Amino acid sequence: MLTIYGRTNSINVQKVMWTVGELGLDHERIDAGGVFGGLDTDEYGQMNPNRRIPVLRDGDTVVWESHSCVRYLAARYGSGALWPEDPGARSLSDRWMDWKATTLQPLLHTVFWGLVRTPADQRDDAAIARAAREIGPVWRILDNHLADSRYVAGAHLTMGDIPLGCAWWRYSNLELDRQSFPNINLWYQNLKGKEAYRRHVMIDVT
Ligand SMILES: N[C@@H](CCC(=O)N[C@@H](CS)C(=O)NCC(=O)O)C(=O)O
């Protein structure tokens with residue numbers, strides 16, 4: 001059985017839980033991080049020297065870094081579905097996962113942490129406003145891509161949709177002015193049809 005360490009309101013844990021749910025895998029999740037703590041023990045440090053969540057354990061295999069966890073699960077249990085077999089097709093999923101981590105996430109981090117996890121009197125309003133402005137054209141890149149593609153790597157859900165689906169839920173629940181993204185919105189309607197997305201991702205943004 002799989003074990004996932006991490007609290008449910010972590011976007012990085014949500015990616016793993018959605019993947020586990022999508023694949024219908026037997027698992028247990030152990031609360032860790034945030035108010036639950038538990039990251040400073042020797043045992044945890046041996047699993048993840050970064051002392052961050054999530055950690056995924058599958059028998060003797062221990063994986064950290066959320067995108068690596070998603071890739072591991074997709075490759076081991078979702079071959080031909082979440083894990084496209086063809087390297088070219090898989091590169092589409094891969095690049096949107098990397099894009100989320102490197103291009104989108106720094107901006108999303110600034111607006112999310114600023115608006116949700118920082119007390120109002122301690123916020124850097126200028127930094128939040130700048131990131132909120134700059135993230136619009138970044139989402140537009142995905143919106144343009146989705147004009148020709150039901151999911152990020154084609155007609156079916158793959159691992160490439162998972163980090164972005166989590167990011168979109170978080171972004172669309174923030175109190176800020178957003179442009180309209182019609183193709184992302186259609187894609188999001190498709191994601192909402194997935195039970196595991198509703199269950200693990202569409203929860204209070206805290
Ligand atoms: N790049 C890492 C980031 C991991 C990370 O920063 N996790 C945060 C939660 S989203 C964490 O462990 N925070 C400390 C805590 O929850 O106590 C990944 O994708 O897994």
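Because the structure is predicted, anything quoted here is derived from the model rather than measured. Counting of residues starts from 1 at the beginning of each chain's written sequence and follows it residue by residue. Residue-level local features of this predicted model are given only where pLDDT is at least 70; pairs of side-chain atoms are given and counted only at 80 or more, and the full residue set underlies all totals for whole chains, interfaces and linings.

Caption draft 1: How the structure looks around the sheet that holds strand β3 (residues 55-58). Here, any two strands with at least 2 DSSP bridges between them count as paired. Helix numbering and strand numbering both begin at the N terminus, where a helix is a DSSP run of H or I of at least 4 residues and a strand a DSSP run of E of at least 2. Judged by pairing direction, the sheet is mixed, and its four strands sit side by side in the order β2-β1-β3-β4 without closing on themselves. The open sheet terminates on both sides in strands that have one partner only, identified here as β2 (27-30) and β4 (61-64). Here the average twist between neighbouring strands, direction ignored, is 15°. The sheet contact formed by strand β1 (residues 2-5) and β3 spans four bridges and is antiparallel. By the bridge assignment for β3, Thr3 is matched with Arg57. As a rule, the C-alpha atoms of each element are fitted with a line to give its axis, helices using only the stretch in contact, and angles between N-to-C directions run from 0 to 180 degrees.

Caption draft 2: View of helix α1 (residues 11-23). What a helix is expected to span follows from its residue count: subtract one and scale by 1.5 Å. An ideal rise of 1.5 Å per residue puts 18 Å on 13 residues; α1 measures up with 19 Å between its terminal C-alpha atoms. α1 sits mainly inside the fold: 10 of its 13 residues count as buried. If you check which residues of α1 are buried, you get Asn12, Val13, Gln14, Lys15, Val16, Met17, Trp18, Thr19, Val20 and Glu22. Those residues of α1 that are buried are in contact with β1, β2, β3, α3 (66-77), α6 (161-172) and α8 (195-200). A positive backbone phi angle near 65° is found at Gly24, which sits one or two residues after α1. Exposure classification rests on a simple neighbour count of other C-beta atoms within 10 Å of a residue's own: a residue reaching 20 or more is buried, one at 12 or fewer is exposed, and one in between is partly exposed. C-beta atoms are placed from the backbone. We call two residues in contact when their backbone-placed C-beta atoms lie within 7 Å.

Caption draft 3: Molecular detail of unusual backbone geometry. Along the chain, Ile53 connects to Pro54 via a cis peptide bond; the corresponding omega equals 0°. Examined against the element boundaries, Pro54 turns out to sit in the loop between α2 (42-47) and β3. Phi angles above zero are rare outside glycine, and Arg51 is one such case at about 55°. Residue position: Arg51 is located in the loop between α2 and β3. Classification of Arg51 by C-beta neighbours within 10 Å gives partly exposed; the count is 16. Of note, the phi angle at Glu65 is positive, near 75°, even though the residue is not glycine. Within the fold, Glu65 resides in the loop between β4 and α3. Residue classification places Glu65 among the partly exposed positions, given that 17 C-beta atoms sit within 10 Å.

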